Amino acid sequence: MSINRRIKEAGNFTPSEMGLLGRVFEQAKREGDSHASREALASRIIANYMAGITDEAELLALSRQPLGR
């Protein structure tokens, strides 16, 4: 699964933003991740970005962490 579908569902992003989100997803995903895990990762990346995390390294680090409940 690519992050592109999640990006389109989340709203309008510029090509630059889409590139950033795609790079972070490619770096954060792991070999053998399930489809559900990759969907959750894509959602976390987009949610963190929309919450104001725009630095690529910070977005990557935060998006690798599971959501706390």
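My aim in this report is to walk through the structure given alongside it, one point at a time.

## Here we look at the overall build of the chain
Within the chain, the secondary structure is distributed over four helices and zero strands. Sequence-ordered secondary structure for the chain, helices as α and strands as β, is α-α-α-α. Taking 69 residues into account, the globule formula puts the C-alpha radius of gyration at 11 Å, and the chain, at 11 Å, falls close to it. Taken along its principal axes, the extent of the C-alpha atoms in the chain is 30 × 20 × 20 Å. Here the chain, with 69 residues, has 32% of them falling under the buried criterion. Accessible area of the chain: about 4,400 Å², with a carbon and sulfur share of 50%.

## Here we look at the pattern of salt bridges
Note on pairing: side chains with opposite charge can pair once their charged atoms come close. Counted by the stated rule, this structure contains two salt bridges. Glutamate 56 is the salt-bridge partner of arginine 23, the closest N and O atoms lying 3.1 Å from each other. Of this pair, arginine 23 sits in helix α2 (residues 15–28) while glutamate 56 sits in helix α4 (residues 56–64), placing them 33 residues apart in sequence. The shortest N-O distance in the salt bridge between glutamate 26 and lysine 29 comes to 3.0 Å. Of the residues examined, glutamate 26 reaches a relative accessible area of 46% and is grouped as partly exposed.

## Quick word on the side chain of serine 63
Mapped onto the elements of the fold, serine 63 is located in helix α4. One polar contact links the side chain of serine 63 to the main-chain carbonyl oxygen of leucine 59, over a distance of 2.7 Å. Those residues in contact with serine 63, other than ones at most four positions away along the chain, are Leu41, Arg44, Ile45 and Asn48.

## Topic: the nonpolar core
By size, the foremost hydrophobic cluster in this structure holds 16 residues, and its most contacted members are Ile3, Leu21, Ile45 and Leu59. In this structure leucine 21 touches Ile3, Ile7, Phe13, Ile45, Ile46, Tyr49 and Leu59, once residues within four positions along its chain are discounted.

## Quick look at helix α3 (residues 35–50)
Between its terminal C-alpha atoms α3 stretches 23 Å, which fits the 22 Å expected from 16 residues at 1.5 Å a residue. Listing the buried residues of α3 in full gives Arg38, Glu39, Leu41, Ala42, Arg44, Ile45, Ile46, Asn48 and Tyr49. Elements in contact with the buried residues of α3: α1 (4–10), α2 and α4. Just past α3, the residue glycine 52 takes up positive phi, approximately 110°.

So, how was this worked out
- Residues numbered from 1 in each chain as written.
- Predicted model: local features only at pLDDT ≥ 70, side-chain atom pairs only at ≥ 80, totals over all residues.
- Heavy atoms only, no water.
- Helix = DSSP H or I, 4+ residues; strand = E, 2+ residues; numbered from the N terminus.
- Rg over C-alpha atoms; globule rule 2.2 N^0.38 Å.
- Buried < 20%, exposed > 50% of the residue type's maximum accessible area, 1.4 Å probe, protein only.
- Areas by Shrake-Rupley, 256 points an atom, 1.4 Å probe, with all protein chains shown as cover.
- Salt bridge = Lys/Arg side-chain N within 4 Å of Asp/Glu carboxyl O.
- Polar contact = N/O pair within 3.5 Å; in protein donor to acceptor, adjacent residues only side chain to side chain.
- Contact = heavy atoms within 4.5 Å.
- Core = buried A, V, L, I, M, F, W, Y, C linked by side-chain atoms within 4.5 Å.
- Expected span 1.5 Å × (residues − 1).

These results come straight from atomic positions and should not be treated as a statement about function.
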